[in-house]
Amino acid sequence: MDAVTLTALCALLASPVAAAAAIYGSRSAARATREGGVITGYDSLTARLTAERDKAEQDQAAAEARAATLELEVARLRLLVTQLGGTP
């Protein structure tokens, strides 16, 4: 085989290999982009859920404090009614 034929044969064999490598590379890049979007969405969802949980805990603490205040007020008023001769 002479050099020209050998070069042409190598070029013909290298073209499909290069095309297959390009296709594989683009699929890998698309998969990485898609997975990156999923991770970003998951992080965003986690951050929102954490913020909602923190707000719910604060609301619950405020409601419990308000309930304790009202219970003390009820006890004070019952004592006042009893001192004035009534029945609570």
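In case you missed it, the structure is sitting above this.
First, a word on scope: everything that follows refers to the structure included in this document. (Residues numbered from 1 in each chain as written. Predicted model: local features only at pLDDT ≥ 70, side-chain atom pairs only at ≥ 80, totals over all residues. Heavy atoms only, no water.)

### A word on the overall build of the protein
Each helix and strand in the protein was counted, giving one helix and zero strands. For the protein, the spread of C-alpha atoms along the three principal axes comes to 125 × 15 × 10 Å. Surface exposure of the protein reaches about 7600 Å², of which carbon and sulfur atoms provide 67%. Looking at charge distribution, the protein has the averaged site of its 9 positive side-chain charges lying 5 Å from that of its 10 negative ones. (Helix = DSSP H or I, 4+ residues; strand = E, 2+ residues; numbered from the N terminus. Areas by Shrake-Rupley, 256 points an atom, 1.4 Å probe, with all protein chains shown as cover. Lys, Arg positive; Asp, Glu negative; His and termini not counted. Charge placed at Lys NZ, Arg CZ, Asp CG, Glu CD.)

### Quick notes on the pattern of salt bridges
Summed over all chains, the structure comprises four salt bridges. Notably, a salt bridge pairs Arg-53 with Asp-54, separated by 3.1 Å at the nearest N-O pair. Here Asp-59 and Lys-55 are joined by a salt bridge, their closest N and O atoms 2.9 Å apart. Residue Asp-59 and its partner Lys-55 are located together in helix H1 (residues 3-83), separated by four residues, close to a single helical turn. For Asp-59, a relative accessible area of 41% puts it in the partly exposed group. Three or more residues are tied together by salt bridges with common partners; here these are Arg-53, Asp-54 and Glu-57. (Salt bridge = Lys/Arg side-chain N within 4 Å of Asp/Glu carboxyl O. Buried < 20%, exposed > 50% of the residue type's maximum accessible area, 1.4 Å probe, protein only.)

### What to know about a nonpolar patch on the surface
Residues Leu-77, Leu-80 and Leu-84 make up a contiguous nonpolar surface patch of about 290 Å² in total accessible area. Here Leu-84 shows up in the segment after H1. (Patch = residues over 30% accessible without salt bridge, like charges linked within 9 Å, V, L, I, M, F, W, Y side chains within 5 Å.)

### Points about the environment of Thr-69
With respect to the element layout, Thr-69 can be found in helix H1. Judged by relative accessible area, which is 46%, Thr-69 ranks as partly exposed.

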